[in-house]
Amino acid sequence: MRVVLAEDVYLLREGLTHLLRAHGIEIVAAVDTGEELLDALARHPSHAAIVDVRLPPSYTDEGVRAAIEARTRHPGFPVLVLSQYVEQIYARELLADGAGGVGYLLKDRVFDTGHFVDALRRVAAGGTAMDPEVISKLLGGTSPLHPVASLSPREREVLQLMAQGRSNAAIAGQLYISEGTVGKHIAAIFAKLGLEATDDTNRRVLAVLAFLNHARPGPPDPAGP
């Protein structure tokens, strides 16, 4: 796998580079601004990008804006975004095209090497990898008028794991139910959210997007992204 990395903190950038190389992932470019990210993606054929939300010059949302621009120029291009804090609006915006290939993780997850590399591989394969903390926050703020509110507790658990990018087999293992039961829950989720029968991979992304789009946003974190 060939990856472009955009992270402005030198030590973290170097650490991520060494960590990923140890797992057989090639870092074709390691940059520290959104502009350099877009330039690197234009110059180096890549399978995915890892992007810090906060990049120079203003250290606000340059990274996520560059990631969205990258997906505009290259529809569906896989992007894994790293953030210091939970900001659900970024997850919504990244998934807005419904194409998948999106991850949003807190930086703390990087220290769990297995989880981090697995999330990157899922994103590169076109799946999603939403941080559990982001999903938990959204689960607590869903509007009672939205179809998500009609999901059963088990269906909400399944949707939460879908948002993290888990396969049916992984969901079955975590919830101690059969894959067939997982399939039935997912079919019920699609029906309640009004998602027509098309490609199942796309519907999984759309189900997560519907959830993100209609969750009530919590108060902004005063510390920023």
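Residues numbered from 1 in each chain as written. Predicted model: local features only at pLDDT ≥ 70, side-chain atom pairs only at ≥ 80, totals over all residues. Heavy atoms only, no water.

S.K.: Honestly, unusual backbone geometry in this entry has me stumped. Any pointers?
M.R.: For residues that are not glycine, phi is negative in most cases, and the peptide bond is trans in most cases. Going from P56 to P57, the amide bond is cis rather than trans, its omega being 10°. By secondary structure assignment, the location of P57 is in the loop between strand 3 (48-52) and helix 3 (62-73). We note that Y176 has phi near 60°; this positive angle belongs to a residue other than glycine. Among the structural elements, Y176 can be located in the loop between helix 8 (168-175) and helix 9 (179-192). (Helix = DSSP H or I, 4+ residues; strand = E, 2+ residues; numbered from the N terminus.)

S.K.: Got a minute to help me understand the pairing of strand 5 (residues 102-106) in this structure?
M.R.: One face of the sheet, then the other: side chains in a regular strand alternate in exactly this way. The element strand 5 is largely enclosed, with a buried count of 5 among its 5 residues. Going residue by residue along strand 5, you find V102, Y104 and L106 tucked away on one face and G103 and L105 tucked away on the opposite face as well. The pairing of strand 4 (residues 79-83) with strand 5 spans 5 bridges and is parallel. Considered in strand 5, the bridge of S83 is made with L106. (Buried < 20%, exposed > 50% of the residue type's maximum accessible area, 1.4 Å probe, protein only. Pairing = 2+ DSSP bridges.)

S.K.: Whenever I open this one, a nonpolar patch on the surface confuses me. Can you help?
M.R.: Together, V9, Y10 and L11 give the surface a local cluster of nonpolar side chains, amounting to about 340 Å² of exposed area. By the element assignment, V9 lies in the loop between strand 1 (2-6) and helix 1 (10-22). (Patch = residues over 30% accessible without salt bridge, like charges linked within 9 Å, V, L, I, M, F, W, Y side chains within 5 Å. Areas by Shrake-Rupley, 256 points an atom, 1.4 Å probe, with all protein chains shown as cover. Salt bridge = Lys/Arg side-chain N within 4 Å of Asp/Glu carboxyl O.)

S.K.: Explain the nonpolar core here, please?
M.R.: Of all hydrophobic cores here, the largest spans 52 residues; its most connected members are L37, Y104, M130, M162, I189 and A207. I189 has contacts with L151, E155, V158, L159, M162 and A207, leaving out every residue within four places of it along the chain. Listed in part, the 19 residues of the second largest apolar core include I27, A48, L82 and V110. (Core = buried A, V, L, I, M, F, W, Y, C linked by side-chain atoms within 4.5 Å. Contact = heavy atoms within 4.5 Å.)

S.K.: Explain the sheet that holds strand 3 to me, please; I cannot follow it from the model alone.
M.R.: Where strands meet in a sheet, backbone hydrogen bonds hold them as pairs that are either parallel or antiparallel. The strand order 2-1-3-4-5-6 describes an open sheet built from 6 strands, whose pairing is parallel. Of all the strands in the sheet, just strand 2 (26-31) and strand 6 (128-130) have a single pairing partner and so form its edges. When strand polarity is set aside, the average angle formed by the axes of neighbouring strands in this sheet is 20°. Here strand 5 pairs with strand 6 via 3 bridges, running parallel. Within strand 6, the residue paired with V102 across the bridge is T128. (Axes fitted to C-alpha atoms, helices over the stretch in contact; angles between N-to-C directions.)

S.K.: Just to check I follow, could you spell out the side chain of T17 for this structure?
M.R.: Here T17 lies in helix 1. Its relative accessible area of 5% is what places T17 among the buried residues. Within polar-contact distance, the side chain of T17 engages the backbone oxygen of R13 at 2.8 Å. Among all residues touching T17, those that are not within four sequence positions of it are L5, I27 and A30. (Polar contact = N/O pair within 3.5 Å; in protein donor to acceptor, adjacent residues only side chain to side chain.)

S.K.: Honestly, the pattern of salt bridges in this entry has me stumped. Any pointers?
M.R.: It is possible for side chains bearing opposite charge to pair when their charged atoms get close. One pass over the structure, following the stated rule, counts 11 salt bridges. Among the ionic pairs, D118 bridges to R122, the shortest N-O distance being 2.3 Å. Residue D118 and its partner R122 are located together in helix 5 (residues 113-124), separated by 4 residues, close to a single helical turn.

S.K.: Can you help me understand helix 3 in this one?
M.R.: Helical geometry: 3.6 residues make up each α-helical turn, so side chains three or four residues apart lie on a common side. Between the first and last C-alpha of helix 3 there are 16 Å, a value that for 12 residues agrees with the 16 Å anticipated at 1.5 Å per step. Looking only at helix 3, the buried set comprises E62, G63, V64, A66, A67, A70 and R71. (Expected span 1.5 Å × (residues − 1).)

S.K.: Would you mind going over helix 9 with me for this structure?
M.R.: Over its 14 residues, helix 9 runs 20 Å from end to end, which matches the ideal 20 Å to within 8%, given 1.5 Å per residue. Those residues of helix 9 lying buried are V182, H185, I186, I189 and F190. Buried residues of helix 9, seen end-on, are gathered within an arc of 140° and therefore sit on one face of the element. Exposed residues on helix 9 whose side chains face more than 90 degrees from its buried face are K184 and A191. G194 lies just past helix 9 and shows a positive phi near 70°. (Arc of directions from axis to C-beta.)

S.K.: Where do I start with the packing of helix 7 (residues 153-163) against helix 9 in this structure?
M.R.: Two quantities define a packed helix pair, namely the angle between the axes and the distance from one axis to the other. Packing of helix 7 against helix 9 brings their axes to within 9 Å, and their N-to-C directions diverge by 90°. As summarised for this structure, helix 7 and helix 9 are arranged roughly perpendicular, according to the angle between their axes. Side by side, helix 7 and helix 9 meet where R154, E155, V158, L159 and M162 of the first sit next to H185, I186, A188, I189, F190 and K192 of the second. (Parallel < 35°, antiparallel > 145°, perpendicular 65-115°, else oblique.)

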